[in-house]
Amino acid sequence: MKFWPIALLSLLPTWAMALETGDSVAPWTLLDQFDQPYSLNPQARVLLVARDMDGAKLLDTAMQGQPKGYLEQRDAVFLADVEKMPALIAKLFAVPAMRGYNYRVILDRKGRIAPQYPAQAGQVLWVELDHQRVVAQHEFSDATALRQALEQAKK
């Protein structure tokens, strides 16, 4: 009977373990759309998370017309959850298309990191960080509002 609580905890959905304000974000490393590693570091101030294609399209719309390095200038990182995307589609179409973006896309291909962040379908979760500690979280479902928030996030 001692193992039942542990077994039940392991069955909880991933969102039950989502980060809250004040929590520390454990460092992680994933590959981007060019298969280059990116490690979350204490300099990251904004983590943008899209858990589906609609969320990724929302960020892409907000980024239209922005120069290369726009997110980096704001110490912002974009994490895209592509785990649910069929591997063949991702390999042949989605990732090659992302290589044309003027911003870096960190890809969570195995769902190791993105489930920690409670981004809703069709939205972008904005996680404000201070030395890898969650300061605030906001959800964006409107590209214009997301674009304005990014403008205000200048260093």
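Refer to the preceding data block for the structure.
Presented here is an overview of the structure given in this document. Quantities reported herein were computed from a predicted structural model and do not represent experimental measurements.

## Considerations on the overall build of the chain
Of regular secondary structure, the chain possesses five helices and seven strands. Reading the chain from its N end, one meets helices and strands in the order α-β-β-β-α-α-β-α-β-β-β-α. Relative to its 155 residues, the chain shows a buried fraction of 42%. A total of about 9,000 Å² of accessible surface is found on the chain, and carbon and sulfur atoms cover 58% of it.

## What about the packing of helix α2 (residues 53-63) against helix α5 (residues 143-152)?
Across the interface, α2 lies against α5 with an axial gap of 8 Å and an inter-helix angle of 60°. When the interaxial angle is binned, α2 and α5 end up oblique. The handedness of the crossing between α2 and α5 comes out as right-handed. Contacts between α2 and α5 pair L58, L59, T61, A62 and M63 from the former with A143, L146, R147 and L150 from the latter.

## Topic: α5
All of the buried residues along α5 are A143, L146, A149 and L150. Looking down the long axis of α5, one finds its buried residues gathered within 125° of arc, a one-sided arrangement. Along its buried surface, α5 packs onto β3 (46-50), α2, α3 (70-73), β6 (124-130) and β7 (133-140). Where α5 begins, the capping side chain belongs to D142, and its oxygen is found 3.2 Å from the backbone nitrogen of T144.

## Observations regarding the nonpolar core
Within the largest apolar cluster, 30 residues are counted, with the highest numbers of intra-cluster contacts made by L48, L59, L71, F78, W126, L146 and L150. At the level of secondary structure, the elements contributing two or more residues to this core comprise β3, α2, α3, β4 (76-81), α4 (87-98), β6 and α5. Every residue in contact with F78, bar those within four places of it in the chain, is listed here: L48, A50, A56, L59, L71, Y103, R104, V105 and I106. Core analysis: the next-biggest nonpolar cluster, separate from the first, contains 20 residues, L19, L79, V127 and L129 among them.

Reading guide: rules and limits
Residues numbered from 1 in each chain as written. Predicted model: local features only at pLDDT ≥ 70, side-chain atom pairs only at ≥ 80, totals over all residues. Heavy atoms only, no water. Helix = DSSP H or I, 4+ residues; strand = E, 2+ residues; numbered from the N terminus. Buried < 20%, exposed > 50% of the residue type's maximum accessible area, 1.4 Å probe, protein only. Areas by Shrake-Rupley, 256 points an atom, 1.4 Å probe, with all protein chains shown as cover. Axes fitted to C-alpha atoms, helices over the stretch in contact; angles between N-to-C directions. Parallel < 35°, antiparallel > 145°, perpendicular 65-115°, else oblique. Left-handed = near helix turned anticlockwise from the far one by under 90°. Contact = heavy atoms within 4.5 Å. Arc of directions from axis to C-beta. Polar contact = N/O pair within 3.5 Å; in protein donor to acceptor, adjacent residues only side chain to side chain. Core = buried A, V, L, I, M, F, W, Y, C linked by side-chain atoms within 4.5 Å.

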